[in-house]
Amino acid sequence: MSGFPWLTAILLLPAAGALVLQLIPGRAADLIKGVTVVVAAAEVVLVAIVVYGVATTSAIGGGPLPMHYVEQANWIPAIGASYHLGVDGVSAWILALNAGVFLLGALVVPRRSTERLKLFCGLMLLAEAATTGVLISLDLLLFYVFWEGMLIPLYFLLAFYGNENRGRATLKFVIYTVAGSLLMLLAILYLHFQALAGGHNTFDLEVLLQNPLPAQAGVPLPFTTIQTLSPAMFAFLAFALAFAIKLPIVPFHTWLPDLYESAPAPALVFFAGVVSKMGAYGFIRFGITLFSGPVHQLQPLLVALALLSILYGAMMALSQTDLKRIVAYASISHLGFIALGIFSLNQNGIDGAVIQILNHGIIIAGLFLVVDVVEARTGTRDIRELGGLQKRMPWLYVFFLVITLGALGLPGTNGFVGEVTIMLGAFQYFWLLAVLAGLGVLIAAWYMLRMHQGMMHGPVRAVTEKVHDLRFREGLVLAPLAVLIVLLGVYPHPVGDVTAQAVPGYVTLADASQSPVAIPTAVRYGAVP
Amino acid sequence: MTLSQAMFPWLLLTAAFLFTLGALGVLIRRNPLVVFMCIELMLNAVNLALVGYSSYLNSEEGQVFAFMVIVVAAAEVVVGLGLLTRVFSIGRELDVDDLDELKQ
Amino acid sequence: MSPSTAALLAGLVLLFPLAGSALCGLIGPVLGRRFVNLAGTLSIGAAFAVTLVIFAQVLGAASGHQSTTATLWNWLDLGPGNLNVSVDVTIDQLSVLMLLVITGVGLLIHVYSVGYMEHDPGVARFFSYMNFFIFSMVLLVLAANMIILIIGWAAVALSSYLLIGFWYERESAVLAARKAMITQVIGDVALVIAAILIFVNLKSVPQICIPPPGEVCALQLQSSQHLFTLSLPQIFANASSLGAGSALITLICILLAVGAFAKSAQFPLHTWLPDAMEGPTPVSALIHAATMVTAGVYLIARFHPLFDLAPIASGMVACVGMGTAVMAGFIALSQVDIKRVIAYSTMSQIGLMIFAVGIGAYAAGMYQFLLHAFFKALLFLAAGNVIHAVHDEQDIREMGGLDSRMRVTAWCFLVGSLALAGFLFAGMFSKEDLLGFGLINGPGAPALYIVGIVVNVLTGLYAFRLYGTAFRGEPRSDAARNAHESKAVMLWPVVILAGLSALAGWILQWPIAFGPHLIDAFLNPVFTSPGSGPIAKAPSLGLGVIGFVIGVTCSLIGIAIALRIWVRRDLDPSRVLARPGLRLLPRLSFNKLYFDEIYDALLVRPTRALARGLRRVGDPVMDSWIKGVSGVATDFSSAFRTIQTGLIRDYASYMVLFVVIFTVAVMLAAGLAK
Amino acid sequence: MNALAALPLATATPGWHDLVGLLPELIVAGGFLALMLLDLVVPPARRTWLAVFSGAVLVGALAVSVWGWYDAGSAGRSVFFGAFAYDRLAEFANCVILVTTLLTVAISPGYLNRRRLHHGEYYSLLMAATVGMMLLAGATSLMVIFLAIELLSISLYILSGFSRQEERSQEAAVKYLLLGSFASAFLLFGMALVYGETGHTQLAQIAAAMSRSLPVDPLLVGGIILMFVGLAFKVSAAPFHAWTPDVYQGAPTSVTTFMSVATKVAAFIVIIRLFDDAFASYYSRWSAVVIAVAILSMVVGNLAALTQNSIKRMLAYSGIAQAGYILIGVAVGVGTPLGVQGALYYLAAYAFTNLGAFAVVTVMSGRGEDLDSYDHLRGLWHRRPYVAAALAFFLLSLAGFPFTAGFIGKFLVFAAAIQAHNVALALWGIGTSAVSVFYYLRVTLIMFQRPKEDAPAYEWPRTGWAGSAVLLVTAAGTLVLGVFVVLVLTVASMAQAGTLPGT
């Protein structure tokens, strides 16, 4: 952890890569893709160094959330906004996932068939820079800028590439997201001025955490004695809405299936892989830490919504016939697990959520790649027209099998690690949650097998008659995912270890106020011999 | 040449009345030239108020202001008439309601 | 055995099948059939060899030191008080016994498969899956941590899924595989919830430390504290902290039992097993008869410290086991698919094992497991020979008269049938042993024993119905007429298994056919330590003799009736069944008591309908507010466009209107303020 | 004569230091006169030289304005006996206005040539309007304000009707003329009332009189409101906006470009000077009206823009909405310096962004007429990717996405609203912003679409180096203002701190 600004480096590297791309003539497709891959790979290396550093060194700073690799500089001194970066156990692996899925996206960009390849690659690298910024910002305004700025490259990627319905779907996504995040901006401003009133002209998360919001009651509504919600509650709701839309939690999910259906595969790989995880990350880093009071008050509602996501997503996945829509709803269901873990507000739950963020990123990227390969070969995504691919594409079958198993959370795959930890956390909050989440796992097995078998098994159909197996290059992309799914299933310790370093800090912050829901002492965690 | 204190409110009311009259003319009349004259009427109502105030307050600024308004009004008329003659060139009825190609 | 030795041996026995699986799966298709056959069987052979070493080690270990737990690596450690799992393996008598069967019988079946799969193009895939199954099963029995056990549990389910759906172009196989997998996931979820319950509730049991003379206690556990562990030895050592007979431990045990039922195809999670016969026959022999389906029995036996403390759950287990035994026996009576008959017999036999472990006769249950593995593998492999011989015909109505055409197979099948029915050979010992326990143990004893007697009769009936229909009489199809004996590689395993079925019981129980046996003595330390003894009391010798005689007699009755009906054909069951009260029975039996239909109507269809309904309603409703907002916005927008008339006079009037409003309002406010 | 003697006006004559305060305006005014003469000697084919000359004049004025920023110092000074302010606010405004004019001049020759409108008086009129705007920005006397407004308005009336053969242009000019004069009358009546009730035409004295005149004088309040109405017309705030879409659509696009930005900047500067400074003591009286107008502007502008299908009209409505956002800063600006700073920042951001957006429409306009319907943008992305990307970027900025100037502008005014405990106002802003995303992005989507197979693709003209440069500068400006906030925010806060008359 020498003086080198590692985080600035990982933030700027993709952006610089995007600039370098502009110097290359548009016709040199190989070079463009090569440079993109090299930049993305270099980013992976840098992030790996950072993650290694987080895993092996102790955090600095006596604040409520100890950070690594902290960088701090003025940004807009007049209003106290600062360029404050840092990484901790929660963000480290998500950062790694981020770098990984973008590398994957860079690898799978079809070199020949992508119109304006340079633009695509450039936008992708910009999106990577923005998501990286979201993950390492410790200043609320900086975070917001990256959070919202992320939409710009994504918007262009999704609006310009993809199928004919992309325009409407993308617009829906962007407006939905913007509406949510603008309210968050108001809440950020509210926090800022509360701090300002207390003598801190700041947007800095650490300072805000050390100066918790004063407990203000709501004001009575005009002509009545009914109190409005407290300002802190309003602020939390604003944050929660932004994160819930991005995550998404049912009923704020309706943008997702349409978007996933229309988006191109390379964009989906990192969109589904990491962008939708930003909502979960936001909940952990900002939602539960800044608003421990409101989050505890709303905890029953939040877990109920998370559970609704799990079950609703699963049921919807069961009834779809379009592969991408199945995966999209499956994703909603899985993200519900992540939300459930977070809202359990205990160590197991949040640990599990972080682990699941990483694992689900890997799985969903794999699923979309498989769907893309199949669609490219057969020209259809309708599960009713597919079948018998195992005979024609044995290698695809192998990878897809592993990915499917990860998606249905089979013990021994990485999907299980997160799910079981989340279920444990949810159980510690309220036992029924774990049971109902188990129901979600069960339906997951059903719809994943329905999809997997529908594509792979049965007699060879007309559209699958003349397909050829994976090319070496495609296999090279899918193989690491499959390997990771198994590897992180049998040896999740490195992930858990890094995560568990940081999570107690978050739990402490979230627990700062008393929970109104009494948890039997038997299931609370306690001292250990 | 100070105005008597008692008369001043009436002067102001007169100005306001003329101003309202002008405004109503703009709203009601369809001939662009008449509309233009109504605007001139409004400006002159303002002039009346300015001069009245000037006298009432015993301050010359109002009178200077009124001169400015007169000059500007003249300039406006020059430009305005030029534009109007071009738009409502020969053979076309003089009606502001005809100018509705740009809408919604 | 030191932990490092244990770790090494366990690692080896895990590694060989896994390596075999990887080799067969990844490079097998390239290197060809010969390589696959070698790699696939040798890996299991190596595992069997290592298992023998382990067996020797355990036998040679000093009394009280036969159980060794070793840690392979740290799986997940989320800090004190949170999920904390390491990959632990336990080697003790119970796991060794399981290992012996898994690798031993597994080896035979692998050898047999070389012949059986001779012409199948997917042989590499087949051996890869089979090896992976052995690996999973080994992991399951070695696991000393609940999470690891669940991983093994699921891996077993996975290999079962893969092998059932091996012939993936057959729609029925695909559906059967899915059904099996989903049922297994139910069990997985139950186990996970049980694990969570244990994790959050397990406390250390306060130990009173009596220091040996001249020493002091190293660790003084004064009060009971939460342990937050899923390590099996710790769970068992502190099981009493969950509260003997409490609702909590009952719930945990019921959940564990649900997991066991899913795996062991017990009511109500039994419907997948008959369908699983879609897989190749060696698979049925290995997975759906000898090993996997008995994992439920192993699970309950392994968790006996908990079940000992939960009499209600145990009683439920016993009842379900016996109930399944009767039900499956009843259904087996009228099935016509040779493999399905054997599958139902498996279900029935495992029901008995479950009954045994439910009443606390763990060793008896494991004894039945061991012997059942021999004779059921034998039956399946022999059936496989038959199927092979009659060109993949599985309907026994199309067979007949095979005894003269496939002499060795027929003899072996006869041995298996006798062992199954419980006369002379294997089944006689183990079944009567566990039924003997049923005489004085279990809920409402000897009520379940009496049911068990009925099961004996049923077993005799269906076993010899099968034998009689398939092997005796005249051939009923050309395929059967032209059948001929299988070749050596498929014959030898059958013969060996026949030998084992015939002799194992006699050896293990020498010299008398009832009472204590070697398995009992071998496993006893496992089930008596730590602290909790077996709750099943052994029957007295006299009672044992009576029970034995009654049991064997009933089996013989069943056999005799079966022989009269299906071999000598001088008894026509249809006359009896034509009676009004009994008319329904054949239909019920043939249609498997309509379980599939009931589940379909109660669970599958409603869920599908709900999903379809949600698809139609859910998203549109949740989207409706967006539509509403955009609709309102568009309406407003149109309204604004409408008032944008393009007329100067209109624009001016808007200005005037608002000037008046603003000015008057503000001036009034100001005037009022003054 | 006694009365005359009492006036400070009569006792002194303007000196050199007064002229220095007016130097940039004088330079541009000189340019205006010179251009009228030059037009007579420059051959029609060489009219681009006029543009070059105008550019040189503007650059000179810009340089002087920058020098003036330092010369005026943080406190600024009053010149011409309080009639004109030589302060940082004025210089800030000068810079923005001059840059706007400069960029407009840069894109004009190409556009005018294509439209066959290249007449010499275009540049002189542009200069005249610029002088009016600059004067307006510095005016601290009611008379100067009025004169400046009329100077810029009359020039713009003519410019709006500059396309003499085109009916739309003529109609726009007449509408602008009649409605503009009508609004001027209200402004004037308001001025008369303010003058009458305070006895002064200079802001410093008016402010002093106002703080003495409490309790409230209803006529004075009425005057303030009427003045606000007149100025709100100029910044095209609802409900005094109705002329905006029609005029913006009808006027030649380069003129629209210019007036949509520069007029608004100048008029807002004077609104800030008047309301957040001179009339500050009557804050409680006028704030409700300003807030109402702000909200109406945001709602009407954004909602009406939703269903437009001409980019010029859409940008006009968007301009109405943007005026609403800036008015948030004005409405809370008294006692909340951040409000004024935010408004100033917003103005700078808006100048670059909106100018850029209109510049795209200008450089892409057709030969005979302005092809401004959305259909004419379809597929632009595929033919002119950089132009389309630039337009998309400007639209994103208008929508308020981060990394663009528009975001920081919105952020600052919302922040000011919250700091002033007016959360409701911020919520209105947030809600309408969310709506606005729809129509801005809709345009970008249309650009991304492929041209229909059957319809012949519209041939967009070449951008030209001047057009490219303008787009580059505006895009860079939008980006810089969106990322390196500190630069302009410091400038804005310094401008706000030294505002004359400074009550």
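Residues numbered from 1 in each chain as written. Chains lettered and ligands numbered in written order. Predicted model: local features only at pLDDT ≥ 70, side-chain atom pairs only at ≥ 80, totals over all residues. Heavy atoms only, no water.

Regarding the overall build of chain A
Move 1: The number of helices and strands found in chain A is 22 helices and two strands.
Move 2: Whereas a compact globule of 529 residues would reach a radius of gyration of roughly 24 Å, chain A reaches 22 Å, a difference of no more than 12%.
Move 3: Overall, chain A is about 70 × 55 × 55 Å in size when its C-alpha atoms are taken along their principal axes.
Move 4: Relative to its full complement of 529 residues, chain A shows a buried share of 68%.
Move 5: For chain A, the share of sequence-separated contacts (at least 6 apart) that also reach a separation of at least 24 residues comes to 80%.
Move 6: As presented, chain A carries roughly 15900 Å² of accessible surface, and 66% of it is formed by carbon and sulfur atoms.
Move 7: Once the 25 positive and 25 negative side-chain charges of chain A are each reduced to a mean point, those two points are 11 Å apart. (Helix = DSSP H or I, 4+ residues; strand = E, 2+ residues; numbered from the N terminus. Rg over C-alpha atoms; globule rule 2.2 N^0.38 Å. Buried < 20%, exposed > 50% of the residue type's maximum accessible area, 1.4 Å probe, protein only. Contact = heavy atoms within 4.5 Å. Areas by Shrake-Rupley, 256 points an atom, 1.4 Å probe, with all protein chains shown as cover. Lys, Arg positive; Asp, Glu negative; His and termini not counted. Charge placed at Lys NZ, Arg CZ, Asp CG, Glu CD.)

A closer look at the overall build of chain C
Move 1: Secondary structure assignment for chain C yields 27 helices and two strands.
Move 2: Viewed in the frame of its principal axes, chain C has a C-alpha envelope of about 120 × 85 × 60 Å.
Move 3: For chain C, the exposed area adds up to about 24100 Å²; of that, 69% sits on carbon and sulfur atoms.
Move 4: One way to put it: in chain C the 39 positive side-chain charges average out to a point 6 Å from where the 33 negative ones average out.

As for the pairing of strand S1 (residues 68-76) of chain A
Residues and elements named next belong to chain A.
Move 1: With six bridges joining them, S1 and strand S2 (residues 81-87) adopt antiparallel strand pairing. Across the sheet, the residue bridging to Gln72 is His84, located in S2.
Move 2: Linkage of S1 to S2, two consecutive antiparallel strands, is achieved through a turn of four residues, within which Gly80 is found at a positive phi near 80 degrees. (Pairing = 2+ DSSP bridges.)

Observations concerning the arrangement of the chains
Move 1: Comparison of the five pairs of chains in contact shows the highest number of contacts for chains A and C.
Move 2: Nowhere do chain A and chain B come into contact; their C-alpha atoms are at least 25 Å apart.

Overview of the interface of chain A and chain C
Move 1: Across the boundary between the two partners, chain A contributes 69 residues, which contact 57 residues of chain C.
Move 2: Counting the surface lost from both chain A and chain C, the interface buries some 5500 Å², and carbon and sulfur atoms represent 71% of this.
Move 3: When the buried area of chain A at its contact with chain C is split by residue, Met315, Trp446 and Gln453 of chain A rank highest and sum to 11% of it.
Move 4: Our enumeration of links across chain A and chain C arrives at two salt bridges.
Move 5: In this structure, the salt-bridge partner of Glu169 of chain C is Lys391 of chain A, at a minimum N-O distance of 3.1 Å. (Buried area = accessible area lost by both parts, 1.4 Å probe. Salt bridge = Lys/Arg side-chain N within 4 Å of Asp/Glu carboxyl O.)

Side note on a positive patch on the surface
Move 1: A cluster of like positive charges, contributed by Arg608, Arg612, Arg615 and Arg616 of chain C, occupies part of the molecular surface.
Move 2: Relative to the helices and strands, Arg612 of chain C resides in helix H26 (residues 595-643). (Patch = residues over 30% accessible without salt bridge, like charges linked within 9 Å, V, L, I, M, F, W, Y side chains within 5 Å.)

As for the interface of chain D and chain A
Move 1: Contact residues are listed per partner, giving 34 residues for chain D and 38 residues for chain A.
Move 2: When chain D packs against chain A, close to 3200 Å² is buried across both sides, 84% of that on carbon and sulfur atoms.
Move 3: At the junction of chain D and chain A, the tally comes to zero salt bridges.
Move 4: If you look at where chain D meets chain A, you find three residue pairs in polar contact (both at pLDDT 80 or more).
Move 5: For the side of chain D that touches chain A, the secondary-structure elements that each account for two or more residues are helix H17 (380-383), helix H18 (385-399), helix H19 (405-419), helix H20 (423-448) and helix H22 (485-497) of chain D. (Polar contact = N/O pair within 3.5 Å; in protein donor to acceptor, adjacent residues only side chain to side chain.)

Observations regarding the packing of helix H17 (residues 407-421) of chain C against helix H18 (residues 426-440) of chain C
Residues and elements named next belong to chain C.
Move 1: Contact geometry for H17 and H18: axes closest at 6 Å, N-to-C directions at 10 degrees. By the angle between their directions, the pair H17 and H18 is classed as roughly parallel. The element H17 and its partner H18 pack so that their crossing is right-handed. Contact with H17, carried on its side by Ala419, Leu420 and Ala421, involves Ala426, Gly427, Met428 and Lys431 of H18 and no other residues of that element.
Move 2: Here the residues of the contact of H17 with H18 sort into five nonpolar, one polar and one charged. (Axes fitted to C-alpha atoms, helices over the stretch in contact; angles between N-to-C directions. Parallel < 35°, antiparallel > 145°, perpendicular 65-115°, else oblique. Left-handed = near helix turned anticlockwise from the far one by under 90°. Nonpolar A, V, L, I, M, F, W, Y, C, P; charged D, E, K, R; others polar.)

Quick word on helix H8 (residues 142-160) of chain D
Move 1: Along its 19 residues, H8 of chain D runs 26 Å from first to last C-alpha, staying within 8% of the 27 Å computed at 1.5 Å per residue.
Move 2: Counting buried residues along H8 of chain D, 16 of its 19 residues qualify, which places the element largely inside the surrounding structure. (Expected span 1.5 Å × (residues − 1).)

Regarding the pattern of salt bridges
Move 1: Counted under the stated rule, the structure contains 33 salt bridges over all chains.
Move 2: Across the pair Asp95 of chain B and Arg30 of chain B runs a salt bridge, and its minimum N-O distance is 2.6 Å. In this pair, Asp95 of chain B sits in the segment after helix H3 (61-87) while Arg30 of chain B sits in the loop between helix H1 (8-28) and helix H2 (32-57), placing the two residues 65 residues apart along the sequence.
Move 3: Residue Asp95 of chain B is classed as buried on the basis of its relative accessible area, which comes to 7%.
Move 4: Here the salt bridges share partners, and the residues they tie into one network are Lys172, Asp258, Glu261, Asp322, Arg325, Glu375 and Arg381 of chain A together with Asp623 of chain C.

Here we look at the side chain of His493 of chain A
Move 1: Within the secondary structure, His493 of chain A is located in helix H22 (residues 493-510).
Move 2: Sequence-distant contacts of His493 of chain A, defined by excluding residues within four places in its chain, comprise Asn74, Trp75, Leu76 and Asp77 of chain C.

Notes on the confidence of the model for chain C
Do not read the predicted coordinates in detail wherever pLDDT is low.
Move 1: Averaged over all residues, the pLDDT of chain C is 85; the fraction at 70 or higher stands at 95%.
Move 2: As scored by the predictor, the complex reaches a pTM of 0.89 and an ipTM of 0.88. (pLDDT = per-residue confidence, 0-100.)

Thoughts on the confidence of the model for chain A
Move 1: Chain-level pLDDT for chain A is 86 on average; 95% of the residues reach the 70-or-more range.
Move 2: Counting interchain partners and residues more than four positions distant, the pLDDT-below-50 stretch residues 514-529 of chain A has 28 contacts.

A closer look at a nonpolar patch on the surface
Move 1: A surface patch of nonpolar side chains, about 640 Å² in accessible area, is lined by Trp395 and Val398 of chain A together with Leu23, Leu26, Ile27, Val30 and Leu31 of chain C.
Move 2: Among the secondary structure elements, those contributing two or more residues to the nonpolar patch are helix H18 (394-407) of chain A together with helix H1 (3-31) of chain C.
Move 3: The element best represented in the nonpolar patch is H1 of chain C, accounting for five residues.
Move 4: As for its position among the elements, Ile27 of chain C is in helix H1.
Move 5: With relative accessibility at 36%, the residue Ile27 of chain C sits in the partly exposed group.

Quick notes on the packing of helix H5 (residues 140-149) of chain A against helix H6 (residues 151-160) of chain A
Angle between the axes and distance between the axes are the two parameters that describe a pair of packed helices.
All names here are of chain A.
Move 1: It is the contact of H5 with H6, at a shortest axis distance of 5 Å, that shows an interaxial angle of 5 degrees. Regarding the angle of H5 to H6, the classification is roughly parallel. Only Leu151, Ile152 and Pro153 of H6 make contact with H5, whose side of the interface consists of Trp147, Glu148 and Gly149.
Move 2: For the contact of H5 with H6, the class distribution of residues is four nonpolar, one polar and one charged.

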